[in-house]
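# Summary of structural features
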Amino acid sequence: MKTWRKILGAVVLIAMGAAAYGFYLYNKKPADVRKLPADFEMAASALVADFSKDETAANHKYLDKVIAAKGKITEVKLDATSGQATVTLDTGDPLAAVTCSFYNEESTVVKKLRAGTEVVVKGKCTGKLMDVVLNKCSIEQ
């Protein structure tokens, strides 16, 4: 009978530990991309070229990685209702660009940007739709 109690106690302790760890992971906040080092530093045109050449290989290489992309701004959008700021970087390819969406706190910095300005944008790559998309971006100077 004592053996069953020990086994039951061990199972209960393991279950409680697993539940506590699951609760911790559920409530853990995502990492702030602004504070992470870039996994890749490259021109926006090189990033789009990699995705155009072989999207599967590029997804494997860049997906969910922090990328610092350098390029000229072609468009700056600020959504008045949500405060969402988006910048499009020129790549030399008329069919594809790099679209960067920013943290809401970055909108004051993005408001000052103008088309034609060369910038370095750091963000997390989420793949290619029509354009290569970087999310949770910030301007690196």
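It should be noted that the structure appears before, not after, this text.
Scope of this entry: the structure provided in the associated data block. (Residues numbered from 1 in each chain as written. Predicted model: local features only at pLDDT ≥ 70, side-chain atom pairs only at ≥ 80, totals over all residues. Heavy atoms only, no water.)

## What about the pattern of salt bridges?
Counted under the stated rule, the structure contains five salt bridges. Residue Lys122 pairs with Glu140 through a salt bridge whose shortest N-O separation is 3.9 Å. Highlighted residues: Lys122 in strand E5 (residues 118-128) and Glu140 in strand E6 (residues 132-140), separated in sequence by 18 residues. Classification of Lys122 by relative accessible area gives buried; the value is 7%. Residues participating in the shared-partner salt-bridge network are Asp32, Arg34, Glu105 and Glu106. (Salt bridge = Lys/Arg side-chain N within 4 Å of Asp/Glu carboxyl O. Helix = DSSP H or I, 4+ residues; strand = E, 2+ residues; numbered from the N terminus. Buried < 20%, exposed > 50% of the residue type's maximum accessible area, 1.4 Å probe, protein only.)

## Observations regarding the side chain of Thr88
Among the secondary structure elements, Thr88 is positioned in strand E3 (residues 85-89). Apart from residues lying up to four places away in sequence, Thr88 is in contact with Lys72, Ile73, Thr74, Glu75, Ala97, Val98 and Thr99. (Contact = heavy atoms within 4.5 Å.)

## Looking at the side chain of Ser101
The topology assignment puts Ser101 in strand E4 (residues 98-102). Relative accessible area serves as the criterion here: at 17%, Ser101 is assigned to the buried category. With near-sequence residues (within four places) excluded, Ser101 lies in contact with Gln84, Ala85, Thr86, Leu134, Asn135, Lys136 and Cys137.

## Focus on the environment of Val133
For Val133, the position within the fold is in strand E6. Under the relative-accessibility criterion, Val133 is labelled buried at 17%. Sequence separation between Val133 and Ser45 is 88 residues, and the spatial gap between their C-alpha atoms is 13 Å.

## Concerning the packing of helix H2 (residues 44-53) against helix H3 (residues 55-62)
In contact at an axis separation of 5 Å, H2 and H3 are set at 130° when each is read in the N-to-C sense. Here H2 lies oblique to H3, going by the angle between them. Listed contacts from H3 to Leu47, Asp50, Phe51 and Lys53 of H2 are Glu55, Ala58, Asn59, Lys61 and Tyr62. Residues of the contact of H2 with H3, tallied by class, amount to four nonpolar, one polar and four charged. (Axes fitted to C-alpha atoms, helices over the stretch in contact; angles between N-to-C directions. Parallel < 35°, antiparallel > 145°, perpendicular 65-115°, else oblique. Nonpolar A, V, L, I, M, F, W, Y, C, P; charged D, E, K, R; others polar.)

## Things to note about the nonpolar core
Membership of the largest hydrophobic core comes to 26 residues, with the highest contact counts inside it found for Leu89, Val98 and Phe102. Elements represented by at least two residues in this core include exactly H2, H3, strand E2 (66-78), E3, E4, E5 and E6. Among all residues touching Leu89, those that are not within four sequence positions of it are Ala44, Ala69, Gly71, Lys72, Ile73, Thr74, Ala97, Val98, Cys100, Val119 and Val121. (Core = buried A, V, L, I, M, F, W, Y, C linked by side-chain atoms within 4.5 Å.)

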